[in-house]
Amino acid sequence: MTRGAVVEFRNVSRHYGAVVAVAGCDLRVEAGEFFTLLGPSGSGKTTLLNMLAGFIEPSGGAILIDGVDVTSIPTEKRNIGMVFQNYSLFPHMNVGQNVAFPLKMRRAEKATVRKRVDAALELVGLGAFRDRMPNQLSGGQRQRVAIARAIVFEPKVLLMDEPLGALDLKLRERMQMEIRQYRDQIGCTVIYVTHDQGEALTLSDRIVIMNEGRPVQIGDPEAIYDRPATRFAAEFIGETNILSLLPKPDAGWWIEELGAPFAGSVPAASGRGALLSVRPEKIMRADAVGAGPAVRFDAVVAEIVFSGDIHRYTARCAGGKTVSFKEHRTGRGDALKPGDKVALAFRLEAAVPLPES
Ligand code: ADP
Ligand code: MG
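Residues numbered from 1 in each chain as written. Chains lettered and ligands numbered in written order. Predicted model: local features only at pLDDT ≥ 70, side-chain atom pairs only at ≥ 80, totals over all residues. Heavy atoms only, no water.

### A word on the overall build of the protein
Right, on to step 1. Along the backbone of the protein there are eight helices and 20 strands.
Right, on to step 2. Principal axes of the C-alpha set define a box for the protein whose edges measure 75 × 50 × 35 Å.
Right, on to step 3. In the protein, which comprises 357 residues, the share counted as buried stands at 49%.
Right, on to step 4. Within the protein, counting contacts between residues at least 6 apart in sequence, those at least 24 apart form 67% of the total.
Right, on to step 5. Surface summary for the protein: the accessible area is close to 17,100 Å², and the carbon and sulfur share equals 51%. (Helix = DSSP H or I, 4+ residues; strand = E, 2+ residues; numbered from the N terminus. Buried < 20%, exposed > 50% of the residue type's maximum accessible area, 1.4 Å probe, protein only. Contact = heavy atoms within 4.5 Å. Areas by Shrake-Rupley, 256 points an atom, 1.4 Å probe, with all protein chains shown as cover.)

What follows is the structure, encoded as structure tokens:
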């Protein structure tokens, strides 16, 4: 087991002509951390990884590994393992040869190669596949080989760029669990790229949400989900209702769309108004909200979607806006129907005020 390295991006940027792929990024990834770059396509995730790996040069700033500036050190001296979406196994080499390749490049001794390849294949459960060719493997198996090849030389940092992107949903979920297990055994720092928020929440110690080449929010999965810092973060992670808070003429706040008062605290900077993010699972029937401060409002059910264990509803509120909410099915035949009037509520702490944006 290797110890991971600390990775730092200091004011790193990358331009392509007028396109700003990465804009002044400051990030610090701790040793042994599973750190995920999450963001929509084009937000600069791959560019950041490629600069860390040394495949492309930053336009500005510095990249440090364990405190050493590696910005102008060639790729092969950075000791970083990489896994890409499109497997990129050598098609003419069998599984064992693919995994041995990085060690041969490093001129490792034969006995070491044998031992490390065995251990890496064992880790990913492919001990019996050493002689297979890549085209004789399933997508999941190929990606396990790619992982074995990336860790066989015991790098301190492992980069994974949408490694499960080409797999179907079931396999992707299984591989997520496997990656978590590998990671616990390997102990190196993992920097993982995905545009799939569920994957990021499942795997990560911490997540950075990227948008337009910049970090928007950094935090552990629960903080990212429960306390989004911006509208973009709130909408990118999971589903949410964005509501407008307006100051009441006398004092306090008013939720425009619901026609209901809001007694929670609002960031000081948002004097003229703010936005509120409320997750659909936090909105419930008013009689279920319990004691304590809550926002209550009336609505008319507009639409129901059945999705297995839950019902998803949209309901039209007094202010004309629809909100979405979810309920676990009770099986007691008390599901709502379109046109039903319903008293709804959410607890005050379920509402996250966002800076006006
Ligand atoms: P992501 O991995 O988050 O989808 P990328 O890092 O691949 O995003 O790309 C970020 C931005 O930089 C995009 O607008 C993309 O079009 C642009 N870009 C990336 N590589 C190049 C390139 N070689 N030439 C020009 N533009 C590029
Ligand atoms: Mg990418």
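### Regarding the sheet that holds strand E4 (residues 60-65)
Right, on to step 1. One open sheet accounts for four strands, arranged E2-E1-E4-E5; its pairing is antiparallel. The sheet is open, and its two edges are formed by strand E2 (19-29) and strand E5 (68-69), each paired on a single side.
Right, on to step 2. Looking at chain direction, E4 and E5 are connected through two bridges and run antiparallel. When the bridges of E5 are listed, leucine 64 appears paired with aspartate 69.
Right, on to step 3. Sitting on the sheet, helix H1 (residues 45-53) is in contact with strand E1 (7-16), E2 and E4, with an inclination near 115 degrees to E1. (Pairing = 2+ DSSP bridges. Axes fitted to C-alpha atoms, helices over the stretch in contact; angles between N-to-C directions.)

### Some remarks on the pattern of salt bridges
Right, on to step 1. Applying the stated criterion to the full structure yields 18 salt bridges.
Right, on to step 2. The shortest N-O distance in the salt bridge between arginine 28 and glutamate 8 comes to 3.8 Å. In this pair, arginine 28 sits in strand E2 while glutamate 8 sits in strand E1, placing the two residues 20 residues apart along the sequence.
Right, on to step 3. Of the residues examined, glutamate 8 reaches a relative accessible area of 12% and is grouped as buried. (Salt bridge = Lys/Arg side-chain N within 4 Å of Asp/Glu carboxyl O.)

### Observations regarding the nonpolar core
Right, on to step 1. In terms of nonpolar packing, the biggest core is built from 37 residues, with Val99, Val117, Ile147, Leu158, Met160, Ile179 and Tyr192 touching the most fellow members.
Right, on to step 2. Within the residue set of this core, elements represented by two or more residues are helix H2 (95-105), helix H3 (110-123), helix H4 (139-151), strand E7 (157-161), helix H5 (169-186) and strand E8 (189-194).
Right, on to step 3. The element contributing the most residues to this core is H4, with six residues.
Right, on to step 4. In this view, leucine 158 contacts Gly81, Met82, Val83, Ala150, Ile151, Cys188, Thr189, Val190 and Ile191; residues no more than four positions away in its chain are not counted.
Right, on to step 5. With 27 residues, the next largest nonpolar core counts Trp253, Phe262, Val323 and Phe325 among its residues. (Core = buried A, V, L, I, M, F, W, Y, C linked by side-chain atoms within 4.5 Å.)

### Considerations on the site of ligand 1
Right, on to step 1. For ligand 1, the full set of nearby residues is Tyr16, Val19, Ala21, Pro40, Ser41, Gly42, Ser43, Gly44, Lys45, Thr46 and Thr47.
Right, on to step 2. A distance of 2.6 Å separates an oxygen atom of ligand 1 from a polar backbone atom of glycine 42.
Right, on to step 3. Here an oxygen atom of ligand 1 and a side-chain polar atom of lysine 45 are 2.8 Å apart.
Right, on to step 4. Across the complex, the protein chains shield 59% of the 560 Å² of accessible surface that ligand 1 would expose by itself.
Right, on to step 5. For the shell around ligand 1, the secondary-structure elements that each account for two or more residues are E2 and H1.
Right, on to step 6. Residue contributions to the shell around ligand 1 peak at three residues, all from H1.
Right, on to step 7. Residue composition of the shell around ligand 1, grouped by class: four nonpolar, six polar and one charged. (Near = heavy atom within 4 Å. Polar contact = N/O pair within 3.5 Å; in protein donor to acceptor, adjacent residues only side chain to side chain. Nonpolar A, V, L, I, M, F, W, Y, C, P; charged D, E, K, R; others polar.)

### A word on the environment of isoleucine 191
Right, on to step 1. Looking at the element boundaries, isoleucine 191 is found in strand E8.
Right, on to step 2. Under the relative-accessibility criterion, isoleucine 191 is labelled buried at 2%.
Right, on to step 3. Once the C-alpha coordinates of isoleucine 191 and histidine 15 are considered, the two residues, 176 residues apart in sequence, prove to be 22 Å apart.

### Side note on H1
Right, on to step 1. The element H1 is largely enclosed, with a buried count of eight among its nine residues.
Right, on to step 2. For H1, the complete set of buried residues consists of Lys45, Thr47, Leu48, Leu49, Asn50, Met51, Leu52 and Ala53.

### Digging into the domain arrangement of the protein
Right, on to step 1. Partitioning the protein into structural domains gives domain 1 (7-232) and domain 2 (239-354).
Right, on to step 2. In this structure, domain 1 and domain 2 have C-alpha centres spaced 39 Å apart.
Right, on to step 3. Contacts between domain 1 and domain 2 engage eight residues on the former and seven residues on the latter.
Right, on to step 4. Considering only the side of domain 1, the residues that lose the most area to domain 2 are Tyr225, Pro228 and Arg231, jointly responsible for 79% of the buried surface there.
Right, on to step 5. Counting across the interface, domain 1 meets domain 2 through zero salt bridges.
Right, on to step 6. At the junction of domain 1 with domain 2, the criterion picks out two residue pairs in polar contact (both at pLDDT 80 or more). (Domains from an automatic or database assignment. Buried area = accessible area lost by both parts, 1.4 Å probe.)

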